[in-house]
Amino acid sequence: MPVLDAADPVQLTQALVRCPSVTPAEGGALALLAETLAKAGFDVHRPVFSAPGTPDVVNLYARIGEGAPCLVFAGHTDVVPEGDPSRWTHGAFSGDIVDGRLFGRGACDMKGGVAASVSAVLRHLAACGGRPARGSIAFLITGDEEGPAVNGTVKLLAWARERGERFDHCILGEPTNPDALGDMIKIGRRGSLTGHIAVEGKQGHVGYPHLADNPIPRMVKLLAALTATPLDEGTPFFAPSNLEVTTVDVGNPTSNIIPGAARATFNIRFNDLWTPQTLEAEIRSRLANAGAGDTWTARFEPTNAVAFLTEPGPFVELVSEAVAAATGRTPQLSTTGGTSDARFIKDHCPVLEFGLVGQTMHQVDENVAVADIVGLTAIYEGVLARYFAAF
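Residues numbered from 1 in each chain as written. Predicted model: local features only at pLDDT ≥ 70, side-chain atom pairs only at ≥ 80, totals over all residues. Heavy atoms only, no water.

## What to know about the nonpolar core
For soluble globular proteins, nonpolar side chains are generally found buried alongside one another.
Thinking step 1. Of all hydrophobic cores here, the largest spans 56 residues; its most connected members are Leu 60, Phe 73, Phe 139 and Val 319.
Thinking step 2. Among the secondary structure elements, those contributing two or more residues to this core are helix H1 (9–17), helix H2 (29–39), strand E4 (60–65), strand E5 (70–76), helix H3 (107–127), strand E8 (136–142), helix H7 (314–327) and helix H9 (370–390).
Thinking step 3. Considering every element that reaches this core, the biggest residue donor is H3, with 10 residues.
Thinking step 4. Residue contacts for Leu 60: discarding those within four places in its chain leaves Leu 30, Leu 33, Ala 34, Leu 37, Val 44, His 45, Arg 46, Phe 139, Leu 140, Ile 141 and Leu 156.
Thinking step 5. In terms of nonpolar packing, the next biggest core, distinct from the first, is built from 24 residues, Val 199, Leu 222, Ala 264 and Ala 298 among them. (Core = buried A, V, L, I, M, F, W, Y, C linked by side-chain atoms within 4.5 Å. Buried < 20%, exposed > 50% of the residue type's maximum accessible area, 1.4 Å probe, protein only. Helix = DSSP H or I, 4+ residues; strand = E, 2+ residues; numbered from the N terminus. Contact = heavy atoms within 4.5 Å.)

## What to know about the sheet that holds strand E7 (residues 101–103)
Thinking step 1. Sheet architecture is open: 3 strands sit in the order E6-E7-E21, paired in antiparallel fashion. One side of each edge strand has no neighbouring strand; the edge strands of this open sheet are strand E6 (97–98) and strand E21 (367–369).
Thinking step 2. Those strands touched by H1 are E6 and E7, and its axis lies near 20° from that of E7. (Pairing = 2+ DSSP bridges. Axes fitted to C-alpha atoms, helices over the stretch in contact; angles between N-to-C directions.)

## Some words on the sheet that holds strand E12 (residues 191–200)
Thinking step 1. Taken in spatial order, the 4 strands of this open sheet run E14-E16-E12-E17, and their pairing is antiparallel. Looking at which strands have only one partner, the edges of the open sheet turn out to be strand E14 (242–249) and strand E17 (296–300). For this sheet, the mean angle separating the axes of adjacent strands, direction not counted, is 20°.
Thinking step 2. Across 5 bridges, E12 lies against E17 in antiparallel orientation. Pairing of Gly 195 across the sheet is with Phe 300, part of E17.
Thinking step 3. The strands touched by helix H5 (residues 216–227) within the sheet are E12, E14, strand E16 (261–270) and E17, with E12 carrying the most contacts at an inclination of about 155°.
Thinking step 4. Of the strands in this sheet, E12, E14, E16 and E17 touch helix H6 (residues 276–288), which is tilted by about 170° from E17.

## With respect to the environment of Ala 158
Thinking step 1. For Ala 158, the location among the structural elements is in helix H4 (residues 153–162).
Thinking step 2. For Ala 158, a relative accessible area of 34% gives the class partly exposed.
Thinking step 3. For the pair Ala 158 and Ala 138, spaced 20 residues apart in sequence, the C-alpha to C-alpha distance is 15 Å.

Structural data, given as structure tokens:
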């Protein structure tokens, strides 16, 4: 086996992809990073976190340098399952390179991004004599992003704070670009809130409706009340909050039975005009005024997916300049998409997301352009050079 050159982001991506780190398995990925960063002089820790009903998860924290400013690179090495192995043209954990593309689960989401950040930092340190010229650099890498996200970044941040660690800015290397490297920087994320409605009725024969109580018309009224009026009109950086009804169920096995109950589920992706608490209050108010009587109940799932925005300023401008210098593209500042671990990091320091092109994440034959891994590394190198000059 050839010796891994961790300053080569393509080699490092291949090595990480070959680690079968399907959540919650560590799969050797964090061990590889820990060894690589320790050799480079980082103070490395691998805390394991637990919670009832969830698997134990290994995480990684590493830091080099002293004091502020501290730039953090965050990410995850856990991946979703491969699915049916026979559907993969190249093995899900092969790391094969074919026609300029590197294949494997996590190549796009987000081992390529993690590798690019590590390689960029190693190159930066080599140019600075082995340590940051001033300030410090840290890594926050979890093995619990694709899973329940209970024993991962949120606990790793709390653990670091208890140790007295402080961070000034963070880049999360999720795949943010829709089509080409340089398209998009995520400066915030929408929140997510899921609710469930139940309407009770009385089962009976369709031919004798006076002996039954059909809950479906009342459910229709309730759902119409939720969707008739927009929640808001959006903000300069966020689209309008959006409620989608995702399932309506009565469990009716035949056409001549009036069902005894109806259930519905909805999910709201909301902007920073709302919190989960204010949004729940708004939904309950709409339901109460729907004219559907009082035979319904609503419950909401606990959520830690809260909307947030990192206001454009010097840090966002610095990263945008590094992207433009390397790609010739001025990245769009966006808050689109789902949620990410940035929702936890924003409570500790300003955070933005920039990584690879995300077109194949979670797909069969997930892959990424080798040129993009190299390009992302160059962008991160540009960020590092600018960051310690500016802050």
